[in-house]
Amino acid sequence: MSASSPRRVGLLALVPLALFLALAMLFYARLGAGDPSEVPSALIGKPVPDFQLDAVAGLTRDGSPVPGLSTADLAKGVSVVNVFASWCAPCRAEHPLLVELAKDQRIRLYGLNYKDTDDQALRFLNGLGNPYAAVGADRKGRVGIDWGVYGVPETFVVVDGRIVAKLVGPLNPDRLSTELKPAIDKALAAQATP
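Just so it is clear, the model here is predicted, and its values are computed rather than measured.

## Quick word on the sheet that holds strand S7 (residues 134-138)
Across the sheet, five strands lie side by side as S7-S6-S5-S8-S9; this open sheet has mixed pairing. Across the chains shown, the open sheet's two edge strands, defined by having one partner strand only, are S7 and strand S9 (162-168). Neighbour-to-neighbour, the strand axes of the sheet open up by a mean angle of 20 degrees, direction not taken into account. When strand S6 (residues 108-114) meets S7, the two strands line up parallel, connected through five bridges. Note on S7: the bridge partner recorded for Leu-112 is Gly-136. Running at roughly 160 degrees to strand S5 (residues 78-84), helix H2 (residues 89-101) makes contact with S5 and S6 of the sheet.

## Some remarks on the environment of Lys-46
Within the element layout of this structure, Lys-46 appears in the loop between helix H1 (4-31) and strand S1 (52-53). Using a relative accessible area of 43% as the deciding quantity, one classes Lys-46 as partly exposed. It is 5.9 Å that separates the C-alpha atoms of Lys-46 and Ile-163, two residues lying 117 residues apart in sequence. Setting aside its immediate chain neighbours within four residues, Lys-46 contacts Gly-161, Arg-162 and Ile-163.

## Concerning the pairing of S6
Of all seven residues in S6, six are buried; the element is thus mostly enclosed. The pairing of S5 with S6 spans six bridges and is classified as parallel. Considered in S6, the bridge of Asn-82 is made with Gly-111. In this fold, S5 hands off to H2, which returns the chain to S6; that crossover is right-handed. Since S6 and S7 lie parallel, the crossover through helix H3 (residues 118-128) that links them has a hand, and here it is right-handed.

## Quick word on the packing of aromatic side chains
Inspection of the entire model under this criterion finds four aromatic pairs. Measuring from centroid to centroid gives 5.6 Å for Phe-84 and Phe-124, while their planes differ by 20 degrees, and the two rings are stacked. With Phe-84 in strand S5 and Phe-124 in helix H3, this residue pair connects regions lying 40 residues apart in the sequence. Phe-124 shares its class with Phe-84; the two are buried.

## Let's talk about the packing of H2 against H3
In contact at an axis separation of 11 Å, H2 and H3 are set at 50 degrees when each is read in the N-to-C sense. On the basis of the axis angle, H2 is oblique to H3. The way H2 lies across H3 gives a crossing that is right-handed. Contacts between H2 and H3 pair Cys-91, Arg-92, His-95 and Val-99 from the former with Phe-124, Leu-125 and Leu-128 from the latter. Its residues assigned to classes, the contact of H2 with H3 shows five nonpolar, one polar and one charged.

## As for the side chain of Thr-71
Within the secondary structure, Thr-71 is located in the loop between strand S4 (69-70) and S5. When neighbours within four sequence positions are excluded, Thr-71 is seen to be in contact with Val-48, Pro-49, Asp-50 and Phe-51.

## Some details on the state of the cysteines
For the structure shown, the criterion picks out one disulfide. Put simply, Cys-88 and Cys-91 are joined by a disulfide, and their sulfur atoms are 2.4 Å apart. Between Cys-88 and Cys-91 the disulfide shows an S-S torsion of about 85 degrees. By sign, it is right-handed. Each member of the pair, Cys-88 together with Cys-91, is buried.

## Some thoughts on the confidence of the model for the protein chain
In this model, the protein chain carries an average pLDDT of 89, and 82% of its residues clear a pLDDT of 70 or more. Predicted confidence is poor over residues 33-39, with pLDDT under 50, and the contacts of this stretch with residues over four places away or in other chains come to four contacts.

## Comments concerning helix H5 (residues 173-192)
For an α-helix the count is 3.6 residues per turn, leaving residues at separations of three or four pointing the same way. For H5, which comprises 20 residues, the first-to-last C-alpha distance of 27 Å matches the rise-based estimate of 28 Å (1.5 Å per residue) to within 8%. At Lys-181, H5 shows its maximal kink, close to 30 degrees; a proline, Pro-182, follows between one and four residues later. Those residues of H5 lying buried are Arg-175, Leu-176, Leu-180, Ala-183, Ile-184, Ala-187 and Leu-188. The inward-facing, buried residues of H5 abut S5, H2, strand S8 (154-159) and S9.

The rules behind each value
Residues numbered from 1 in each chain as written. Predicted model: local features only at pLDDT ≥ 70, side-chain atom pairs only at ≥ 80, totals over all residues. Heavy atoms only, no water. Pairing = 2+ DSSP bridges. Helix = DSSP H or I, 4+ residues; strand = E, 2+ residues; numbered from the N terminus. Axes fitted to C-alpha atoms, helices over the stretch in contact; angles between N-to-C directions. Contact = heavy atoms within 4.5 Å. Buried < 20%, exposed > 50% of the residue type's maximum accessible area, 1.4 Å probe, protein only. Right-handed = clockwise from strand over helix to strand, strands pointing away. Phe/Tyr/Trp six-rings, centres within 6.5 Å; stacked < 30°, edge-to-face > 60°. Parallel < 35°, antiparallel > 145°, perpendicular 65-115°, else oblique. Left-handed = near helix turned anticlockwise from the far one by under 90°. Nonpolar A, V, L, I, M, F, W, Y, C, P; charged D, E, K, R; others polar. Disulfide = S-S within 2.5 Å. pLDDT = per-residue confidence, 0-100. Expected span 1.5 Å × (residues − 1). Bend = angle between axes of the 7 residues up to and from the residue.

Spelled out as structure tokens, the structure:
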């Protein structure tokens, strides 16, 4: 056995350690990269999934029952679909912004109530106000899965039945002005161009 053999074995033992450290550094660098609210959606530019959801039982607006939500509701014009739940604290925080957004006559705002009970959704909307023209009750979350929902809240911009934008996470004044409203304006401009 030569004197270089123990030295060679020692160097070979360091290879796994070096690989581990290199991977750890890579993972650490990627951990801080990107914005987790910017989750890509495979549905951008594609038609909305085919669905039909019942109304939230007992929900009214101006004395009339609020209808459920279906693919047909999104077929024409510019729509904003907000996925929410009564058990979602960020949904409660963003709700006043949706109440204000609903005043924009250029769009229709719809709600998709995700994995919730009708009683809880009714309490949530009656307590905070109902900004939605229609609310679909996705009690088991199946339609949310078809839409690619990762969690609540999520907001989609739809033009003539096609999804053109998706925002993951709660809206705040900054996101409303820098992300959602520009997406709506872009959708309206695209619709106006034949």
